[in-house]
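This is what each chain is made of:
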Amino acid sequence: MSSRLYERIKTQLDSLRKEGTYKEYQYLVSSVGGRSTIEKYGDVVMLCSNNYLGLADHPQLIEKGIEALKKYGTGAASVRFICGTYDIHRSLENKVAEFLHTEAALTYTSCWSANTAVIPALLNEGDAVISDELNHASIIDGCRLVSKGVQRLVYRHADLNSLEEKLKEVTSGGGVALIVTDGVFSMEGDIAPLPGIVELARKYDAVVMVDDSHATGVIGDTGRGTAEYYNMLGQVDIITGTFGKALGGAGGGFVAGRKEVIDLCIQRSRPHLFSNSLPPVLAAIALAALEYLEEHPEKVRSLRQKVKYFREQLKKAGIAALEGDSAIIPIMIYDTAKAMRIAARMLEEGVYVVGFGYPVVPEGQARIRIQVSDALTYDDIDYSIEVLKRVLRE
């Protein structure tokens with residue numbers, strides 16, 4: 001075997017360590033909540049989890065998961081079209097469609113799989129996909145997987161003029177244009193200008209797809225995501241999302257939209273055809289999370305109040321954060337190694353955040369990303385801001 005590859009890898013890893021950008025795992029030894037236990041650090045305030053509604057350790061979800069595990073076992077060891085389809089898949093998919101006001105839905109093992117499934121399945125030669133420049137990596141990979149002859153274009157972040165320019169480039173060809181955007185952008189915390197996107201789609205006979213992974217359960221009066229936030233439920237062609245964030249945190253993803261779109265994904269999408277089905281235990285947890293959210297929309301209001309309080313206290317402390325209306329609060333540091341040092345010091349002080357740098361965000365745009373959970377107490381928030389102030393002064 002060639003030793004050159006291993007020498008090259010070693011050099012790359014040594015370089016990351018020298019630059020201070022090498023990522024180290026922190027090991028949880030408890031469930032995730034407002035506070036969790038981290039190996040070597042003990043009890044810490046959790047500010048880096050996507051557990052927006054605090055449901056990851058909710059007894060009702062845990063019990064439903066245990067019941068499903070006992071009933072169905074660990075899984076069918078099969079893809080859906082062979083013997084991997086359970087009745088609980090149908091129940092969950094029907095609930096997702098009902099919740100999001102779409103005709104149908106289809107589950108995947110992750111939203112990454114969903115995004116890389118639906119985009120290539122929909123588009124043929126002569127079509128085009130137009131993507132926001134700050135879309136999630138899974139959308140970018142989905143765009144890369146389209147067949148030969150599909151045009152790929154990128155518009156400036158949340159810029160409707162730039163989007164219209166790209167639409168003008170493709171409509172003359174006679175193919176279908178698919179506009180793809182995050183609903184809530186995971187690193188910025190801002191919300192896509194959905195009304196303008198839908199208006200342009202109607203003008204140019206395009207299709208709109210929204211990845212609502214950081215929006216479902218988080219924004220909108222009842223947690224139905226970006227469409228509800230803008231009072232546009234039922235007006236988005238395709239919605240993808242995850243059960244691994246606000247909806248229980250366990251895992252799994254989905255595509256929701258018209259019945260023919262879902263049927264095409266069943267027939268043609270490669271992650272659906274060639275990957276095992278979503279384990280029934282995860283389907284049960286996701287279904288329980290959706291049912292709980294429908295019964296308790298006040299969780300979304302409570303989260304919104306805590307986000308508002310967190311932002312107000314940051315301003316009082318003189319700490320600038322990017323503006324936004326989601327539960328994501330980015331604090332710009334710009335230097336990756338510095339952002340990671342700040343995060344490490346905060347963990348020593350009992351507050352768990354993560355510093356993000358390239359390639360997760362563009363070069364020179366490193367940041368600390370705070371994610372607010374309804375599981376946090378107001379005392380947790382106050383303590384976190386005091387620690388952040390102290391560490392930033394250092």
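Scroll up to find the structure this text is about.
Residues numbered from 1 in each chain as written. Predicted model: local features only at pLDDT ≥ 70, side-chain atom pairs only at ≥ 80, totals over all residues. Heavy atoms only, no water.

**Q** Give a detailed account of the overall build of the chain, specifying residues and quantitative values.
**A** On a plain count of helices and strands, the chain comes out with 14 helices and 13 strands. The C-alpha radius of gyration of the chain comes to 21 Å, within 12% of the 21 Å expected for a compact globule of 394 residues. Counting only C-alpha atoms and orienting by the principal axes, one finds that the chain spans roughly 60 × 60 × 50 Å. The buried share of the chain, reckoned over its 394 residues, is 53%. In the chain, 71% of the contacts between residues at least 6 apart in sequence involve partners at least 24 apart. Of the charged side chains in the chain, 44 are positive and 51 negative; the average position of the first set lies 4 Å away from that of the second. (Helix = DSSP H or I, 4+ residues; strand = E, 2+ residues; numbered from the N terminus. Rg over C-alpha atoms; globule rule 2.2 N^0.38 Å. Buried < 20%, exposed > 50% of the residue type's maximum accessible area, 1.4 Å probe, protein only. Contact = heavy atoms within 4.5 Å. Lys, Arg positive; Asp, Glu negative; His and termini not counted. Charge placed at Lys NZ, Arg CZ, Asp CG, Glu CD.)

**Q** Summarise the sheet that holds strand β10 (residues 328-334); cite the residues concerned and give the values.
**A** One key point about sheets: their strands pair by backbone hydrogen bonds, in either a parallel or an antiparallel sense. The three strands lie next to each other as β10-β13-β12, forming an open sheet whose pairing is antiparallel. Edge strands, defined here as strands with exactly one partner in the open sheet, are β10 and β12 (354-356). Averaged over all pairs of adjacent strands, the angle between strand axes in this sheet comes to 30 degrees, irrespective of strand direction. Sheet analysis places β12 next to strand β13 (residues 366-371), joined by three bridges and oriented antiparallel. The partner of V354 across the bridge, within β13, is R369. (Pairing = 2+ DSSP bridges. Axes fitted to C-alpha atoms, helices over the stretch in contact; angles between N-to-C directions.)

**Q** Let's hear about the state of the cysteines: which residues, and what values?
**A** Under the criterion given, the structure shown has zero disulfides. C111 takes part in no disulfide bond, and the closest cysteine sulfur, belonging to C265, lies 12 Å away. Note on C143: no disulfide assigned, nearest cysteine sulfur contributed by C111 at a separation of 13 Å. For C143, a relative accessible area of 8% translates into the label buried. (Disulfide = S-S within 2.5 Å.)

**Q** Break down the packing of helix α13 (residues 336-348) against helix α14 (residues 378-393) for me, with residues and values.
**A** The geometry of α13 relative to α14 is characterised by a closest axis approach of 10 Å and an angle of 130 degrees between their N-to-C directions. Between α13 and α14, the interaxial angle falls into the category oblique. As α13 packs across α14, the resulting crossing turns out to be right-handed. Contacts from I342, R345 and M346 of α13 reach α14 at S384, V387, L388, V391 and L392. Looking at the contact of α13 with α14 residue by residue, the classes come out as six nonpolar, one polar and one charged. (Parallel < 35°, antiparallel > 145°, perpendicular 65-115°, else oblique. Left-handed = near helix turned anticlockwise from the far one by under 90°. Nonpolar A, V, L, I, M, F, W, Y, C, P; charged D, E, K, R; others polar.)

**Q** I'd like a rundown of the packing of aromatic side chains, residues and numbers included.
**A** Inspection of the entire model under this criterion finds five aromatic pairs. Judged by centre distance (5.2 Å) and plane angle (80 degrees), the ring pair of Y72 and Y86 falls under edge-to-face. Here the residue Y72 occupies a position in helix α2 (residues 59-72), and Y86 occupies one in the loop between α2 and α3 (87-100), the gap between them amounting to 14 residues. (Phe/Tyr/Trp six-rings, centres within 6.5 Å; stacked < 30°, edge-to-face > 60°.)

**Q** If you had to explain helix α4 (residues 111-122) to someone new, which residues and values would you point to?
**A** Along an α-helix, a turn takes 3.6 residues, which lines up residues three or four apart on a common side. With 12 residues, α4 should reach 16 Å at 1.5 Å per residue; the first-to-last C-alpha distance of 16 Å fits that figure. Residues of α4 that are buried include every one of C111, S113, A114, N115, T116, A117, V118, I119, P120 and A121, and no others. Taking the backbone nitrogen of W112 as reference, a side-chain oxygen 3.4 Å away marks S110 as the first, capping residue of α4. (Expected span 1.5 Å × (residues − 1). Polar contact = N/O pair within 3.5 Å; in protein donor to acceptor, adjacent residues only side chain to side chain.)

**Q** Got a sec to walk through the side chain of D127? Specific residues and values, please.
**A** By secondary structure assignment, the location of D127 is in the loop between α4 and β4 (128-132). Buried charge without a partner: D127 forms no salt bridge, and the closest opposite charge is R268, 8.3 Å away. In terms of polar contacts, D127 uses its side chain to reach the backbone amide nitrogen of N124, at 2.7 Å. (Salt bridge = Lys/Arg side-chain N within 4 Å of Asp/Glu carboxyl O.)

**Q** Give a detailed account of the sheet that holds strand β9 (residues 253-257), specifying residues and quantitative values.
**A** Strand order across the open sheet formed by seven strands is β3-β9-β8-β7-β6-β4-β5, with mixed pairing between neighbours. The outermost strands of the open sheet, each flanked by one partner alone, are β3 (104-108) and β5 (151-155). Strand-to-strand twist of the sheet, defined as the mean angle between neighbouring strand axes without regard to direction, takes the value 20 degrees. Relative to β9, strand β8 (residues 238-242) runs antiparallel, the two being bridged by five bridges. Pairing of T242 across the sheet is with G253, part of β9. Along the sheet, helix α7 (residues 194-203) contacts β5, β6 (177-182) and β7 (207-211); its crossing angle with β7, the most-contacted strand, is approximately 155 degrees. Across the sheet, helix α9 (residues 259-268) lies against β3, β8 and β9, angled at about 30 degrees from β3, the strand it touches most.

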